Amino acid sequence: MTSARRRTVRVVRGGPVLVEGPVDIELPDGTRVESDRFMVAICACGRSKNYPLCDTSHRRRRRRTS
Ligand code: FES
């Protein structure tokens with residue numbers, strides 16, 4: 001059963017999407033990831049090694065290869 005309480009979802013520019021927890025995150029392949037944290041940072045940059053949760057990899061600069 002889902003809660004009817006309105007929640008605020010905060011989008012951080014260049015970073016994660018912050019969602020009030022606890023949450024169940026459903027991925028495109030149907031996998032579900034649970035987080036019981038008070039505030040959950042969901043990776044929006046795609047660089048997290050702990051995807052779909054943000055691991056702050058968005059803060060690191062990408063090295064130039066040329
Ligand atoms: S948004 Fe933080 S690692 Fe992707």
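Summary of the structure given here. Here the structure is a predicted model, which is why all the values come from computation and not from measurement. (Residues numbered from 1 in each chain as written. Predicted model: local features only at pLDDT ≥ 70, side-chain atom pairs only at ≥ 80, totals over all residues.)

1. Thoughts on the sheet that holds strand β1 (residues 9-11)
The three strands lie next to each other as β1-β2-β5, forming an open sheet whose pairing is antiparallel. One side of each edge strand has no neighbouring strand; the edge strands of this open sheet are β1 and β5 (39-42). Going across the sheet, the axis of each strand differs from the next one's by a mean of 20 degrees, ignoring polarity. Two strands pair when backbone bridges link them, and strand β2 (residues 17-20) and β5 are joined in this way by four bridges, in the antiparallel orientation. When the bridges of β5 are listed, Glu20 appears paired with Met39. (Pairing = 2+ DSSP bridges. Helix = DSSP H or I, 4+ residues; strand = E, 2+ residues; numbered from the N terminus. Axes fitted to C-alpha atoms, helices over the stretch in contact; angles between N-to-C directions.)

2. What about the pairing of strand β4 (residues 32-35)?
In terms of strand pairing, strand β3 (residues 23-26) meets β4 through four bridges, oriented antiparallel. In the sheet register, Val23 faces β4, and the bridge partner there is Ser35. The turn linking β3 back onto β4 is made up of five residues, and Gly30 within it adopts a positive phi angle of 95 degrees.

3. Some thoughts on the environment of Val40
Looking at the element boundaries, Val40 is found in strand β5. Separated by 14 residues in the primary sequence, Val40 and Cys54 place their C-alpha atoms 8.5 Å from one another. Once residues within four sequence positions are removed from consideration, Val40 is found in contact with Val19, Gly21, Val23 and Ser35. (Contact = placed C-beta atoms within 7 Å.)

4. What to know about unusual backbone geometry
Residue Gly21 is joined to Pro22 through a cis peptide bond whose omega torsion reads -5 degrees. Relative to the helices and strands, Pro22 is located in the loop between β2 and β3. Even without glycine at this site, Thr56 takes up a positive phi of about 70 degrees. In this structure, Thr56 sits in the segment after β5. When the 13 C-beta atoms within 10 Å are taken as the criterion, Thr56 is described as partly exposed. (Buried ≥ 20, exposed ≤ 12 C-beta atoms within 10 Å, placed from the backbone.)

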